[in-house]
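Examination of the molecular architecture
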Amino acid sequence: DTGVSQDPRHKITKRGQNVTFRCDPISEHNRLYWYRQTLGQGPEFLTYFQNEAQLEKSRLLSDRFSAERPKGSFSTLEIQRTEQGDSAMYLCASSLGLASYEQYFGPGTRLTVT
Amino acid sequence: RKEVEQDPGPFNVPEGATVAFNCTYSNSASQSFFWYRQDCRKEPKLLMSVYSSGNEDGRFTAQLNRASQYISLLIRDSKLSDSATYLCVVNIRPMNYGGSQGNLIFGKGTKLSVKP
């Protein structure tokens, strides 16, 4: 499968715990995006990378959230001190860059904070 | 005003019907436009890009009106398998990043249910 992959697919955690999600983009894609989606809403942008550089962060990305893409390949999204409001689907997408604006999504990680 | 607005539906139509979805966007700097399809509890999947001249892909036709900041999607001869949520999406290129891409702004989606 050469699509975007995410791990884990589901995560249940207790409030206050830290969680980390991983995204592996399509191999030749140099841009990687994180989105969050809650029920009944469209995905909301969190942050994006071009290679290893984090170029943009949404105001939704509080200081409890951090994302990395150390070698310009896979990325991790960490949430510290999780809150119930963090419960959502976390989606990763990648794109080829250059003149291509089309983004391809992974299956997402569904986070439930109890 | 939300950046991308869609009628949430649901649109309940019989097989074979023609259905149209509309979408408006508020930021005139929007550069690229898309329709994504999302099945229940699945990730969004790119359905088609939308070009100024309008474009067609089989039973699907997308139109863009930049002056009115309006995007549409027409589905002809709808199939049961077309049942999904259709997301209108725009890309706003950040002015300070030159040619870089920026993020996608999604509408809430319009739910379509095609019945036999």
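The rules behind each value
Residues numbered from 1 in each chain as written. Chains lettered and ligands numbered in written order. Predicted model: local features only at pLDDT ≥ 70, side-chain atom pairs only at ≥ 80, totals over all residues. Heavy atoms only, no water. Helix = DSSP H or I, 4+ residues; strand = E, 2+ residues; numbered from the N terminus. Rg over C-alpha atoms; globule rule 2.2 N^0.38 Å. Contact = heavy atoms within 4.5 Å. Areas by Shrake-Rupley, 256 points an atom, 1.4 Å probe, with all protein chains shown as cover. Core = buried A, V, L, I, M, F, W, Y, C linked by side-chain atoms within 4.5 Å. Buried < 20%, exposed > 50% of the residue type's maximum accessible area, 1.4 Å probe, protein only. Pairing = 2+ DSSP bridges. Axes fitted to C-alpha atoms, helices over the stretch in contact; angles between N-to-C directions. Phe/Tyr/Trp six-rings, centres within 6.5 Å; stacked < 30°, edge-to-face > 60°. Lys NZ or Arg CZ within 6 Å of the ring centre and 35° of its normal. pLDDT = per-residue confidence, 0-100. Buried area = accessible area lost by both parts, 1.4 Å probe. Salt bridge = Lys/Arg side-chain N within 4 Å of Asp/Glu carboxyl O. Polar contact = N/O pair within 3.5 Å; in protein donor to acceptor, adjacent residues only side chain to side chain. Nonpolar A, V, L, I, M, F, W, Y, C, P; charged D, E, K, R; others polar. 1 Å grid on protein atoms, 1.4 Å probe; cavity = no way out; pocket = protein on both sides within 12 Å on 5 of 7 lines; lining within 4 Å. Points joined across faces, edges and corners; volume = space filled by probe spheres on them. Disulfide = S-S within 2.5 Å.

Below, the discussion takes up the overall build of chain B. Counting secondary structure elements, chain B contains zero helices and 11 strands. By the compact-globule yardstick of 13 Å for 116 residues, chain B fits well, its C-alpha radius of gyration being 14 Å. Principal axes of the C-alpha set define a box for chain B whose edges measure 50 × 30 × 25 Å. The long-range share in chain B, meaning contacts at least 24 apart out of those at least 6 apart in sequence, stands at 58%. Of the accessible surface of chain B, which amounts to about 5700 Å², a share of 48% is contributed by carbon and sulfur atoms.

Residues and elements named next belong to chain B. Ranked by internal contacts, the top residues of the largest apolar core, which has 25 residues, are W35 and I71. Secondary structure elements with two or more residues in this core: β3 (19-25), β4 (30-38), β5 (44-50), β7 (60-65), β8 (70-75), β9 (84-92) and β11 (110-115). When residues of this core are assigned to their parent elements, the largest contribution, five residues, is made by β9.

Before going further, it helps to spend a moment on the sheet that holds strand β3 (residues 19-24) of chain A. Residues and elements named next belong to chain A. Spatial strand order, β1-β3-β8-β7: four strands in an open sheet with antiparallel pairing. Two strands in the sheet have a free side with no partner beyond their single neighbour: β1 (5-7) and β7 (65-68). Within the sheet, the average angular offset between the axes of one strand and its neighbour, ignoring direction, is 15°.

The next thing to look at is the packing of aromatic side chains. According to the stated counting rule, one finds 15 aromatic pairs over all chains in the structure shown. Ring pairing ties together the aromatic residues Y33(A), Y35(A), F45(A), Y48(A), F105(A), F34(B), Y36(B) and F106(B), which thus form one cluster. Sitting over the ring of F74(A), R22(A) keeps its end group 3.9 Å from the ring centre.

This part is about the confidence of the model for chain B. In the predicted model, chain B carries a mean pLDDT of 89, and 91% of its residues have values of at least 70. Note on residues 95-100 of chain B: pLDDT under 50 across the span, and nine contacts to partners over four residues away in sequence or across chains.

We now examine the interface of chain A and chain B. Facing the 25 residues of chain A at the interface are 24 residues of chain B. Summed over both sides, the interface of chain A with chain B buries roughly 2000 Å², with 49% coming from carbon and sulfur. Joining chain A to chain B, the criterion identifies zero salt bridges. There are four residue pairs in polar contact (both at pLDDT 80 or more) connecting chain A and chain B. For the side of chain A that touches chain B, the secondary-structure elements that each account for two or more residues are β4 (31-37), β5 (44-50), β6 (53-57), β9 (88-95) and β10 (104-105) of chain A. Residues belonging to the side of chain A that touches chain B are distributed by class as follows: 11 nonpolar, 10 polar and four charged.

Over the atoms rolls a probe the size of a water molecule, and its path tells where empty space is left. There is about 670 Å³ of room inside the largest pocket. Lining the largest pocket are 24 residues, with Q37(A), L39(A), G40(A), Q38(B) and R41(B) sitting closest to its centre. Within the residue set of the lining of the largest pocket, elements represented by two or more residues are β9 and β11 (109-113) of chain A together with β9 and β11 of chain B. Broken down by element, the lining of the largest pocket gets its largest block of residues, three residues, from β9(B). Empty space within the second largest pocket amounts to approximately 570 Å³. Forming the walls of the second largest pocket are 20 residues, and the residues nearest its centre are E44(A), F45(A), R59(A), E3(B) and I105(B). Those elements giving two or more residues to the lining of the second largest pocket turn out to be β5 and β6 of chain A together with β10 (104-106) of chain B. Broken down by element, the lining of the second largest pocket gets its largest block of residues, three residues, from β10(B). Taken together, the residues of the lining of the second largest pocket sort by class into eight nonpolar, five polar and seven charged.

For the rest of this paragraph, the subject is the state of the cysteines. Residue and element names in this part refer to chain A. Summed over the entire model, instances satisfying the criterion amount to two disulfides over all chains. Here C23 pairs with C92 through a disulfide, and the sulfurs are 1.8 Å apart. Where C23 bonds to C92 through sulfur, the torsion about that S-S bond is close to -70°, and the disulfide is left-handed. Within this pair, whereas C23 is found in strand β3, its partner C92 is found in strand β9, the two being separated by 69 residues in sequence. The same class applies to C23 and to C92, which are both buried.

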